[in-house]
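# Working through the structure, step by step
So you can see what is in the structure, the chains are spelled out below.
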Amino acid sequence: MKRLLYILVFICSTLNIAAFGTVSLEVGETRTLDVAALYVNYRWSVCSCVDVIGGSVTSNKIKIRGKTPGVGSIICSWTNGSFSDQNDWTIVVKEKEVKSVKFSPSSFNMKIGESKQLTAIITPSDAKVDDYSWGTTKPKILKVSGNGKNATIVGLAGGEAEVYCVTDNGTKGTCKVRVVKDPTAISLPKELYFVKGQQYPITLTFTPSDAWSKITWSTSDIIVAYFNDDKLVANSPGDCTITAKTANGLTATAKAIVVAPEIKYLSFTPTLNQTGVD
């Protein structure tokens, strides 16, 4: 009979089966418990912190799912003729833990004095969290006031900073924030030259220098040039006027001149093969 037990232990270790010991799982998580002994009668005794969702109490395996947090035991008693034995598992069921913390959007701009609400999005969504810790990498730029999974963000000074949220199991999420001033003026060069068939980002100057705004671009002639998001597409030789407009209504213009690509000519000296007739 000892030989049968040795075979059982060998098979369990080979197949990575939890023949005995401690099994930890979260609420909703599943595990399969398996007894590898053959030609035996089985009977399972299952604790109340799990549900049996597969197999049966008279088969050699059962599938369990974490039901409620707690510690219990599962016993499988089995017999083979006059020999009997049992496998014991200590079952530890824990609350679902947070696997990730994210924000939507993951980055945004805001103005000095403006306040925004930020919500931590946890995965899984039904994980148990007793505490959220909020903060910022630069408290002189941002003020962060957390309340559970929500926080109020206030822009204090121009610059960039990160807002972070840490759950009680140490999972951390971050969000990039840029605090900006409204510009009092914007400017473009008087003339800009572009080569047909290319795309170009346009550099705009803000006053004051730490100001910023989302820019809406337009052109007076889309045959010559047009905008693809924030890049100018040089479409056809010619000229047109491009206009930049800020969110607070400031505008700046420039003359855009599109030229044809330079054609490079290769110079060579022809070789004349002559044949003579005597």
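Model, not experiment: these values are computed from the prediction.

Before going further, it helps to spend a moment on the nonpolar core. Residues Phe103, Leu118, Trp134, Leu142, Ile153, Val163 and Val177 are the most contacted members of the largest nonpolar core, which totals 23 residues. Among the elements of the structure, β9 (107-111), β12 (132-136), β13 (142-147), β14 (150-155), β15 (159-167) and β16 (172-180) are those that each provide at least two residues to this core. Residue contacts for Val177: discarding those within four places in its chain leaves Phe108, Met110, Leu142, Gly159, Glu160, Ala161 and Val163. In terms of nonpolar packing, the next biggest core, distinct from the first, is built from 22 residues, Ile186, Ala211, Leu232 and Ala234 among them.

Overall, the coordinates contain 9 salt bridges when judged by the stated rule. A salt bridge links Lys61 to Asp34, with the shortest nitrogen-to-oxygen separation between them at 3.5 Å. Of this pair, Lys61 sits in strand β5 (residues 61-66) while Asp34 sits in strand β2 (residues 30-34), and the two are 27 residues apart along the sequence. Residue Lys61 is classed as partly exposed on the basis of its relative accessible area, which comes to 38%. A relative accessible area of 12% means that Asp34 is categorised as buried. Two residues, Lys181 and Asp210, come together in a salt bridge whose shortest N-O distance is 3.1 Å. Of the two residues, Lys181 is situated in the loop between β16 and β17 (185-187) and Asp210 in the loop between β20 (205-207) and β21 (216-219); the sequence distance between them amounts to 29 residues.

To continue, consider the pairing of strand β25 (residues 251-259). The pairing of strand β18 (residues 191-195) with β25 spans 5 bridges and is classified as parallel. From the neighbouring strand, Leu192 faces β25, where its bridge partner is Ala256. Across 8 bridges, strand β24 (residues 238-245) lies against β25 in antiparallel orientation. Across the sheet, the residue bridging to Ile242 is Ala254, located in β25. Adjacent in sequence and paired antiparallel, β24 and β25 are bridged by 5 residues, among which Gly249 carries a positive phi angle near 95°.

Before going further, it helps to spend a moment on the side chain of Thr246. Following the sequence through the fold, Thr246 ends up in the loop between β24 and β25. Among the polar contacts made by the side chain of Thr246, one reaches the side chain of Asn248 at a distance of 2.4 Å. With near-sequence residues (within four places) excluded, Thr246 lies in contact with Pro183, Ile186, Ser213, Lys214 and Ile215.

The strand order across the open sheet formed by 3 strands is β2-β5-β4, and the pairing between neighbours is antiparallel. The strands lining the two open edges of the sheet, one partner per strand, are β2 and β4 (50-55). The sheet shows a mean angle of 30° between the axes of neighbouring strands, taken without regard to direction. Relative to β5, β2 runs antiparallel, the two sharing 5 bridges. Bridge assignment links Leu33 to a residue of β5, and that residue is Ile62.

Cut-offs used in this document
Residues numbered from 1 in each chain as written. Predicted model: local features only at pLDDT ≥ 70, side-chain atom pairs only at ≥ 80, totals over all residues. Heavy atoms only, no water. Core = buried A, V, L, I, M, F, W, Y, C linked by side-chain atoms within 4.5 Å. Buried < 20%, exposed > 50% of the residue type's maximum accessible area, 1.4 Å probe, protein only. Helix = DSSP H or I, 4+ residues; strand = E, 2+ residues; numbered from the N terminus. Contact = heavy atoms within 4.5 Å. Salt bridge = Lys/Arg side-chain N within 4 Å of Asp/Glu carboxyl O. Pairing = 2+ DSSP bridges. Polar contact = N/O pair within 3.5 Å; in protein donor to acceptor, adjacent residues only side chain to side chain. Axes fitted to C-alpha atoms, helices over the stretch in contact; angles between N-to-C directions.

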